[in-house]
Structures are given as structure tokens and as C-alpha cells.
Amino acid sequence: AKMAYTGLIAQNGGEEPDLQLINDNFMAAHFRLGHPGWADSMRFDIENFQPHIVVVDTAASCFNIENENDNSEAQVVIRQLRSLMRVCEPGASMVIAKHANTPGAVGGKTVRGAKSWKGQSDQMVFHCKDPGRPRKDGLNLTRVVPDKKRAYALQQTLYLTPSFTDSDRTGLML
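What you see is a predicted model, and the numbers here were worked out from it, not measured in a lab.

## Section: the overall build of the protein
Broken down by element type, the protein carries six helices and nine strands. Dimensions of the protein, computed from C-alpha atoms along their principal axes, come out at roughly 50 × 45 × 30 Å. Of all 174 residues assigned to the protein, the portion counted as buried reaches 26%. Looking at the protein alone, contacts between residues at least 24 apart form 48% of all its contacts between residues at least 6 apart. Carbon and sulfur atoms form 53% of the exposed surface of the protein, whose accessible area is close to 11,800 Å². The centroid of the 20 positive side-chain charges in the protein is displaced by 11 Å from the centroid of its 19 negative side-chain charges.

## Structural notes on the packing of aromatic side chains
Evaluated as defined, the whole model comprises two aromatic pairs. Ring centres 4.5 Å apart and planes at 45 degrees place the aromatic pair Trp38 and Phe63 in the tilted group. Residue Trp38 is located in helix H3 (residues 38–49), and its partner Phe63 is located in the loop between helix H4 (59–62) and helix H5 (71–85); the two are separated by 25 residues in the primary sequence. Grouping residues by exposure puts Trp38 and Phe63 together as buried. Connected via pairs of aromatic rings, a cluster forms that spans Trp38, Phe63 and Trp117.

## Some thoughts on the environment of Arg133
Tracing the sequence through the fold places Arg133 in the loop between strand E5 (124–129) and strand E6 (142–148). According to the relative accessible area criterion, Arg133 is exposed, its value standing at 79%. In the structure, Arg133 is positioned 130 residues away from Met3 in sequence and 24 Å away in space, judged by C-alpha atoms.

## Observations regarding the sheet that holds E6
If you trace the three strands from one edge of the open sheet to the other, you get E5-E6-E7, paired in antiparallel fashion. Bordering the open sheet on either side are E5 and strand E7 (158–160), each of which pairs with just one other strand. Here the strands of the sheet are splayed against their neighbours by 25 degrees on average, with no regard to which way each runs.

## Details of H3
The first and last C-alpha atoms of H3 sit 16 Å apart over twelve residues, in line with the 16 Å expected at 1.5 Å per residue. When we look at burial in H3, the residues that qualify are Trp38, Ala39, Ser41, Met42, Asp45 and Ile46. All buried residues of H3 project into a common sector of 160 degrees when viewed along the axis, lining one side. Opposite the packed face of H3, turned more than 90 degrees from it, sit the exposed residues Asp40 and Asn48. Elements that come into contact with the buried residues of H3 comprise strand E1 (53–57), H4, H5 and strand E2 (93–97). Gln50 sits one or two positions beyond H3 and adopts a positive phi of about 50 degrees.

## Quick look at the pattern of salt bridges
With the rule as written, the count across this model stands at seven salt bridges. In this structure, the salt-bridge partner of Glu68 is Lys98, at a minimum N-O distance of 3.7 Å. On the criterion of sequence distance, the pair formed by Glu68 in the loop between H4 and H5 and Lys98 in the loop between E2 and strand E3 (100–101) is long-range, its members being 30 residues apart. Judged by relative accessible area, Lys98 falls into the partly exposed class, the value being 23%. Across the salt bridge formed by Asp122 and Arg82, the nearest N and O atoms sit 3.7 Å from each other. Highlighted residues: Asp122 in the loop between helix H6 (116–120) and E5 and Arg82 in helix H5, separated in sequence by 40 residues.

Calculation criteria
Residues numbered from 1 in each chain as written. Predicted model: local features only at pLDDT ≥ 70, side-chain atom pairs only at ≥ 80, totals over all residues. Heavy atoms only, no water. Helix = DSSP H or I, 4+ residues; strand = E, 2+ residues; numbered from the N terminus. Buried < 20%, exposed > 50% of the residue type's maximum accessible area, 1.4 Å probe, protein only. Contact = heavy atoms within 4.5 Å. Areas by Shrake-Rupley, 256 points an atom, 1.4 Å probe, with all protein chains shown as cover. Lys, Arg positive; Asp, Glu negative; His and termini not counted. Charge placed at Lys NZ, Arg CZ, Asp CG, Glu CD. Phe/Tyr/Trp six-rings, centres within 6.5 Å; stacked < 30°, edge-to-face > 60°. Pairing = 2+ DSSP bridges. Axes fitted to C-alpha atoms, helices over the stretch in contact; angles between N-to-C directions. Expected span 1.5 Å × (residues − 1). Arc of directions from axis to C-beta. Salt bridge = Lys/Arg side-chain N within 4 Å of Asp/Glu carboxyl O.

In C-alpha cells:
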């Protein structure tokens, strides 16, 4: 977090961002999910904060999922998430992190566990490390690859090139 903040300063012409703006626009809900009442906790936070984007990392740990491969359990969670999206302001987005599974013989990536996650989602993307020799600075080139595309979805691969703000590696920029 400190490296990202330092990177934000570097991208802002050396000026620190307004901390009140960060307070007003960012809410971390560490360890508030992952129990049987996760949906009620999430509803409370959404109703009181009205976020424009909700990021959940990862589905298995935050939604109290007992069997990652159970499509019916995934569908129950997805229905709860759709209900929570109706509580958000119009235009809000929800990003749910799931780990990828790379089938050997078939090739390509797919979501790990129940396939309902792919079938019920509006879009699916994979964040992948680029192949090749590691960079000398220890950072990796990555890409965001769209898999399931619907209207207004990411249509092309995004390439991310991280860099440090200085030789002491105190800040990180994407």
C-alpha cells in the first residue's frame, strides 16, 4: 500500500493526494466477510457507503463457500450478489476475483471451481503474467485478457507495464 501511495504522489506531480478525498472515496472492509452472514454485512456497507465499484478478493474466502466446485452453491451466491447490485447506485460495478485453472490438454484458461461463475457473469477477464525472462527490476509485465465479452465490456487485451518511481524503489506505478 505504501508503494502504491508513493507512486500516486509521483504521478500527481510530486503533490500528495487530498487524504480526505481518499477517506471519502475508499473503504476497505478487511475481514468483514467470509462468514455465513456475509451478504448482510456487504449490504450494510453498500447501503451506507454507496460505492461506485465493489472489489471482492477472492470469492471462495469472502462468500463462505464450502465446495468451490458446487454449481448450485455458486448460483446461490451469485443471486445474492445480483440482489446486492440492486442496492448500489446505477452504473456501479462489482469485481469478483477468482483464481484461474489452466487445463493441460485442452489449453487456455478457465475459472477454477464451479462454471456457474463464468455462465452467470457479465464479463470475465484474466490477469496474466507475461511469459519470458524475468525483468531485472523484479517487476513483471502483465496483461488483462478479456474472455467472456458482452456489450460495453473490455474488447482488447490491456498490457500493464509496472515501474518504480525512483532508484530506491519506494513507489510503484502501473
